[in-house]
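Given next are the chains, with one letter for each unit.
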Amino acid sequence: MTLDMTRGKPITLLLRFAIPMMLSSLLQQMYTLCDSFIIGRLLGTDAFTATATASNVNWFPLHITMGATTGFGVALAQFFGARKQEDFHRHFAHAIVLSFALGLLFSLAGLTFAQPFLHLLNTPLELLDYVLRYLRVLWIGFSVTAILNMFTTALLSMGDSRTPLVALAISSIINIVLDIALIAWLDLSLEGAALATVIAQASAAFWSFRGLRRLENALPRKEHFRFRRDVVKRLLYLSTPRMLSNGVTTSGELLVQAVVNSWGVAFLTGLTASRRYMNLLNVVNSGLEGAVATYVGQNWGAGEKDRIRQGVRSAITMGLVTSLTIGGIVIVFAESMIRFFVPDGTAEAVTFGIEALRVMAFFLPSLYLLCEYRAAIQGMGNSVIPMYSGFLELAMRIACTLLLPLA
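Residues numbered from 1 in each chain as written. Predicted model: local features only at pLDDT ≥ 70, side-chain atom pairs only at ≥ 80, totals over all residues. Heavy atoms only, no water.

A. Fine view of the packing of aromatic side chains. Taken as a whole, this structure holds 5 aromatic pairs when the rule is applied. With a centroid separation of 5.9 Å and 75° between ring planes, the pair formed by Phe106 and Phe142 is classed as edge-to-face. Linking Phe106 in helix 3 (residues 85-120) with Phe142 in helix 5 (residues 142-157), this pair joins segments that are 36 residues apart in sequence. Residue Phe142 is classed as buried on the basis of its relative accessible area, which comes to 2%. Relative to Phe209, the ring of Phe151 has its centre 6.0 Å away and its plane inclined at 40°; by these criteria the two rings are tilted. Here Phe151, found in helix 5, pairs with Phe209, found in helix 7 (residues 189-214); they are 58 residues apart in sequence, far enough to count as distant. Overall, the relative accessible area of 10% leaves Phe151 in the buried class. (Phe/Tyr/Trp six-rings, centres within 6.5 Å; stacked < 30°, edge-to-face > 60°. Helix = DSSP H or I, 4+ residues; strand = E, 2+ residues; numbered from the N terminus. Buried < 20%, exposed > 50% of the residue type's maximum accessible area, 1.4 Å probe, protein only.)

Shown next as structure tokens:
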């Protein structure tokens, strides 16, 4: 079911769109927690830490791919809001091809350079083999991940946030069942966990494709795949700055990872446990961010600038109230949350995890504001300002990583 966000009360439209996305994000994070719990209990603390380390590395190509599909989604949302169906189909067709090509590129690069890259990140030797085995399986199926992101983005651009929720629910169940089957029964270790993820994402991509087929005139036809230079140029114009911004931001995260890796397994374990909660803290924000991007994109395409102001103000109010509430709860219960993941962890690892989680919770309102403003600017078709924001974020990450430990 599509949602025309150019008509109706902004706060109602934002909530109708955001709530399924919030549920999707919550479901994804609950799956991640279950996945970490299964791996930690069946394969041990080293495997748990290695999986999280691998996920941080995998975030680099994934974040760039998400930047590309988000940029493509801006064009789709604008054409949907302007009711230009032929332009929507042409851009959707070219976006599918570009997404698949990007996924294939990252597969080849990841499989070729995985080991030297992990050495460059100072990955502890006792974790290196675990991380390599997990990443290689994930990267073999990376084109599936790219296509899933593109189908999800297309659905969201038309205001359909329910189909991605159902797709994620199905894939999460498949992933958990396969985790247990492949690790506990077939003894495939971390390769089994990674294979379960790839199969689950393929299932989600298939369900999203079915959702697109059910929507009237959503899928492009054969003639829309004929190469058009102007279409590719517009898609790259909208996506390249976002890819660069995400790439720069993630590079900063990898720099932090390289420094953290050199501080020993105890610190890495504590930080890993805290990071497992970070995306959970960001559940409401992810829904609001997606809602704002689609809302602004559709209304910008329809020329409704006053509605954009109303909607963004409503989203910011909701984001601030939610982030302050969640942050306060996490600060109080940080110790219990960390011990859930590392019940047999050293006192040093637990202490590191508690401190990291409380700092994340304290700055949560700033993260919510940043993401919602970026989404609004991106929805208006301006990808340059979010790119500069990413560069500034990288500079601050580098400065904090290098200077704060000296204080």
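B. Spatial organisation of helix 5. Here helix 5 is 16 residues long and its end C-alpha atoms lie 23 Å apart, about the 22 Å a rise of 1.5 Å per residue gives. Judged by how many residues are buried, helix 5 sits mostly within the fold: 15 of 16 residues are covered. Gly159 occupies a position one or two residues after helix 5 and carries a positive phi of about 85°. (Expected span 1.5 Å × (residues − 1).)

C. Geometry of the packing of helix 2 (residues 45-81) against helix 5. Running from N to C, helix 2 and helix 5 cross one another at 30°; their axes reach a closest spacing of 8 Å. As judged from the angle between their axes, helix 2 and helix 5 are roughly parallel. Viewed along their axes, helix 2 and helix 5 form a crossing whose handedness is right-handed. The segment helix 2 lies against helix 5, with Asn58, Pro61, Leu62, Thr65, Met66, Thr69, Phe72, Gly73, Leu76, Ala77 and Phe80 engaging Phe142, Thr145, Ala146, Asn149, Met150, Thr153, Ala154 and Ser157. Broken down by class, the residue content of the contact of helix 2 with helix 5 amounts to 11 nonpolar, 8 polar and no charged. (Axes fitted to C-alpha atoms, helices over the stretch in contact; angles between N-to-C directions. Parallel < 35°, antiparallel > 145°, perpendicular 65-115°, else oblique. Left-handed = near helix turned anticlockwise from the far one by under 90°. Contact = heavy atoms within 4.5 Å. Nonpolar A, V, L, I, M, F, W, Y, C, P; charged D, E, K, R; others polar.)

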